[in-house]
Amino acid sequence: MHQGGCECHSVRYQLTGEPLTCYACHCTDCQTSSGSAFTLSMIVNSENVEVLEGELAINLQDTNGVEVKRHHCAQCGTALWYSADAYPDILALKPGTFDDTRWFRPIAHLWLRSAQPWIVLDEESSKYQKQPEMLELFALWERGRSA
Ligand SMILES: [Zn+2]
Ligand SMILES: [Zn+2]
């Protein structure tokens with residue numbers, strides 16, 4: 001079980017069970033929405049995430065034709081996870097919001113064709129110029145766990 005929360009500490013949540021995968025995305029949408037060079041996403045089963053306290057608010061955004069809900073702290077705006085009605089069983093959690101971030105690492109880097117030129121990647125992670133199949137990312141995570 002892993003707990004996390006937003007920057008102002010009003011929202012607290014916990015994750016139970018195993019994540020399905022965790023990756024870094026270097027696409028231009030992620031660079032813009034985060035104001036950074038890439039984002040981290042951890043795909044988890046929706047039923048494994050529980051809000052312990054605080055109030056979440058939702059923004060709607062259109063990502064490549066898919067309506068995505070950005071769940072964030074109603075007080076400070078920290079993004080905690082994204083969901084899409086098209087995929088009701090999973091969430092894309094923002095794993096930098098965990099209290100302890102040492103237990104996971106991204107197994108893949110996506111959209112490297114738009115990555116910043118100064119990014120240096122580790123050797124082990126899988127590297128994609130564009131968007132791979134999500135099932136491939138699930139398999140990579142599973143392989144990493146059994147290695
Ligand atoms: Zn907050
Ligand atoms: Zn992205």
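Just so you know, these numbers come straight off a predicted model, no measurement behind them.

Chemist: Just checking my understanding: could you explain unusual backbone geometry for this structure?
Modeler: Excluding glycine, residues mostly carry a negative phi; peptide bonds, for their part, are mostly trans. At H9, a position not held by glycine, the phi torsion is positive, near 70°. Within the secondary structure, H9 is located in the loop between β1 (2-5) and β2 (12-15). Assessed through the 13 C-beta atoms surrounding it within 10 Å, H9 is described here as partly exposed. Even without being a glycine, W111 presents a positive backbone phi close to 55°. As for its placement among the helices and strands, W111 is situated in the loop between β10 (108-110) and β11 (126-127). Among the residues examined, W111 registers 20 C-beta atoms within 10 Å and is labelled buried.

Chemist: What exactly am I supposed to notice about the sheet that holds strand β7 (residues 66-73) here?
Modeler: One key point about sheets: their strands pair by backbone hydrogen bonds, in either a parallel or an antiparallel sense. Strand order in this open sheet of eight strands is β6-β7-β8-β9-β4-β3-β10-β11, and the pairing throughout is mixed. Every interior strand has two partners, whereas the edge strands, β6 (56-63) and β11, have only one. The pairing of strand β3 (residues 21-25) with β10 spans three bridges and is parallel. Residue pairing in the sheet places A24 in a bridge with H109 of β10. Sheet strands touched by helix α2 (residues 134-146): β3, β10 and β11. Its angle to β3, the strand with the most contacts, is close to 120°.

Chemist: Sorry if this is basic, but what is going on with the nonpolar core here?
Modeler: A general trend in soluble globular proteins is that nonpolar side chains are found buried together. Counting 27 residues, the largest nonpolar core has Y23, C25, L93 and L110 as its most contacted members. Looking at this core, the elements that each hand over two or more residues are β2, β3, β4 (39-45), β8 (79-83), β9 (90-93), β10 and α2. Broken down by element, the residue count for this core peaks at four residues, all from β3. Among all residues touching L110, those that are not within four sequence positions of it are Y23, A24, C25, H26, C27, Y128, Q131 and P132.

Definitions and cut-offs
The numbers attached to residues start from 1 for each chain and follow its sequence in the written order. All chains are assigned letters beginning at A, and all ligands numbers beginning at 1, according to the order in which they are written. Thresholds applied to this predicted model are a pLDDT of at least 70 for local features of residues and 80 or more for the giving and counting of side-chain atom pairs; totals over whole chains, interfaces and linings are not thresholded and use all residues. Strands are runs of DSSP state E lasting at least two residues, helices are runs of H or I lasting at least four, and both sets are numbered from the N terminus onward. Partly exposed residues are those whose C-beta has more than 12 but fewer than 20 other C-beta atoms within 10 Å; 20 or more makes a residue buried and 12 or fewer makes it exposed, with C-beta atoms placed from the backbone. Two strands form a pair only when DSSP identifies at least two bridges running between them. By the convention adopted here, residues make contact when the C-beta atoms placed from their backbones lie within 7 Å. Angular values range over 0 to 180 degrees, each being the angle between N-to-C directions of two axes fitted as lines to C-alpha atoms, with helices fitted over their stretch in contact. In plain words, the nonpolar core is the set of buried Ala, Val, Leu, Ile, Met, Phe, Trp, Tyr and Cys residues that C-beta atoms within 7 Å link up.

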